Amino acid sequence: MQLNIALLGGDGIGPEVMAQAVKCLQAVEENFGHDFTFTEGLIGAAAMDKVGDPIPKETLKLCKESDAVLFGAIGTPEYDNNPNAKVRPEDGLLYLRKELDLFTNIRPIKVFPALINNSPLKKEVIAGTDLVIYRELTSGIYFGEKSLSPDGSEAMDVCKYTEEEISRVAHMAFKAAKKRKRKLTLVDKAHVLETSRLWRKVVGNIAESYPEVELTCMYIDNASMLMSLNPSQFDVILASNMFGDILSAQCNVLIGSSGLLPSASIGTENAMFEPIHGSYPQAKDKDIANPVAAILSAALLLNHFGLTDEFNSVVAAVHKSFRKKIVTIDVMGGTKYGTESVGDFIAANIVDVDNNLNINDENIDLGKSTII
Ligand code: IPM
Ligand code: MN
């Protein structure tokens, strides 16, 4: 398959973890006979410093013309600590998501067996966790009207949703639930928020077209608590932009590190693949950042284009790195491996089972270790 992939490394550890993801995609190209073309674009603080805009027009054009976008991370302490900044690096990402109409953000959360002891939660609590969050990504409080009074003493962020905005992401979530354990949990705050009540109405109506899927509505505060008490009860979670953001960050605790979870942001015309983690500026250029979330985001890209064997082979290589303890310091203190060497190991272990005659125990996971 021929694919044009835009690479937006962004800020902090973004470019270095992205480089490992590209290494893995190149290994896929070689082993499976594909032809990927990579083109880099500027975004975030890196773009503001170079051209004064967190999402330059050229980047937007590149993303629109590409088959997919691979994104690294965004944000720097200079802007985080400046409440008066008029433009922020994050504006670049938000604008890009909106312009590409990436209305569904898919965040699969599956406990990695080899890392089950890494979570601060008990093994019995997290065992069997296999859920996916469908987060609305281009509306809600992130994109509503904002204002700050001239004297700076009053601020406002409007949370607005239309039926259409809810319905399109809801259909994506129901379709996913149909193929999984047929359980969908709508997470909201319907006892307080008008928008949540609209979500319940629209999602409730859509549920009638998916009789095989069991719909549960749950308040976000309760869902957040249950996510730590009994996460394996969840299958597909559907949430608005902000609730989905917060709940998915909480899932990092189940996995035991914030450097491991990928996501896919999907629209009708475009697709972007982005780790859930932030830009971790303290680790920038230290060769300690975990590249796995970026590598698994690249795997989701392959899956999006129907390259299932390729997807499985990247995931299997990641599992192997865990089993062999070839991991970064967030996963195992005292490790001698860094961003580069973990990326090298995973890339070197991406194999096409059909072409690999030396099938050994390491390949047993191949074909069944999907993370979605
Ligand atoms: C995420 C991030 C972004 C978000 C930030 C960087 C704007 O936290 O993708 O989860 O809130 O959507
Ligand atoms: Mn987040």
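Everything quoted here is computed from the prediction, not taken from an experiment.

A. Representation of the packing of helix α7 (residues 163-179) against helix α8 (residues 194-207). Between α7 and α8, the least distance of the axes is 9 Å, while the angle of their chain directions is 45 degrees. As the angle between them shows, α7 and α8 are arranged oblique. Note that α7 runs across α8; the crossing there is right-handed. On the side of α7, the interface is formed by E163, I166, S167, V169, A170, H171 and F174, while α8 contributes L198, W199, K201, V202, V203, I206 and A207. The class makeup of the residues in the contact of α7 with α8 is ten nonpolar, two polar and two charged.

B. Representation of empty space enclosed by the protein. This structure, assessed with the given rule, holds two cavities of 30 Å³ or more. Taken as a whole, the second largest cavity encloses approximately 30 Å³ of empty space. Forming the boundary of the second largest cavity are G14, V17, M18, L70, F71, G72, F273, P275, A294 and S297. Among the elements of the structure, α1 (14-32), β3 (68-73) and α11 (292-304) are those that each provide at least two residues to the lining of the second largest cavity. The residue inventory of the lining of the second largest cavity, partitioned by class, reads seven nonpolar, three polar and no charged.

C. Structural context of the pattern of salt bridges. Counted under the stated rule, the structure contains 16 salt bridges. Note that D101 is salt-bridged to R168, the shortest N-O span being 3.1 Å. With D101 in the loop between α5 (89-99) and β4 (104-110) and R168 in helix α7, this pair connects stretches of sequence that are 67 residues apart. By relative accessible area, which is 27% here, D101 ends up partly exposed. A salt bridge links R180 to D130, with the nearest nitrogen and oxygen atoms 3.4 Å apart. Residue R180 is located in the loop between α7 and β8 (183-188), and its partner D130 is located in strand β5 (residues 130-136); the two are separated by 50 residues in the primary sequence. Each member of the pair, R180 together with D130, is buried.

D. A look at the site of ligand 1. Close contacts around ligand 1 come from I74, E90, R97, R107, R135, Y142 and D245, and that covers them all. Protein contacts shield 77% of the accessible area of ligand 1, which totals 320 Å² for the unbound molecule. In terms of residue class, the shell around ligand 1 is made up of two nonpolar, no polar and five charged. Each of domain 1 (1-102 + 274-372) and domain 2 (120-255) gives at least three residues to the shell around ligand 1.

E. Fine view of the layout of surface pockets. Estimates place the volume of the largest pocket at around 950 Å³. Taken together, 36 residues make up the lining of the largest pocket; nearest its centre are R88, E90, D91, L94 and Y142. In terms of residues, the lining of the largest pocket owes the most to one element, α5, which gives five residues. A domain-level breakdown of the lining of the largest pocket finds at least three residues from each of domain 1 (1-102 + 274-372) and domain 2 (120-255).

F. The pairing of β3, seen in detail. Burial analysis of β3 places six of its six residues in the buried class, which makes it a mostly covered element. Pairing analysis gives five bridges linking strand β1 (residues 2-10) to β3, with the strands arranged parallel. When the bridges of β3 are listed, L7 appears paired with L70. Examined bridge by bridge, β3 and strand β12 (residues 271-273) share two bridges and lie parallel to one another. In the sheet register, V69 faces β12, and the bridge partner there is M272.

Conventions and cut-offs
Residues numbered from 1 in each chain as written. Chains lettered and ligands numbered in written order. Predicted model: local features only at pLDDT ≥ 70, side-chain atom pairs only at ≥ 80, totals over all residues. Heavy atoms only, no water. Axes fitted to C-alpha atoms, helices over the stretch in contact; angles between N-to-C directions. Helix = DSSP H or I, 4+ residues; strand = E, 2+ residues; numbered from the N terminus. Parallel < 35°, antiparallel > 145°, perpendicular 65-115°, else oblique. Left-handed = near helix turned anticlockwise from the far one by under 90°. Contact = heavy atoms within 4.5 Å. Nonpolar A, V, L, I, M, F, W, Y, C, P; charged D, E, K, R; others polar. 1 Å grid on protein atoms, 1.4 Å probe; cavity = no way out; pocket = protein on both sides within 12 Å on 5 of 7 lines; lining within 4 Å. Points joined across faces, edges and corners; volume = space filled by probe spheres on them. Salt bridge = Lys/Arg side-chain N within 4 Å of Asp/Glu carboxyl O. Buried < 20%, exposed > 50% of the residue type's maximum accessible area, 1.4 Å probe, protein only. Near = heavy atom within 4 Å. Areas by Shrake-Rupley, 256 points an atom, 1.4 Å probe, with all protein chains shown as cover. Domains from an automatic or database assignment. Pairing = 2+ DSSP bridges.

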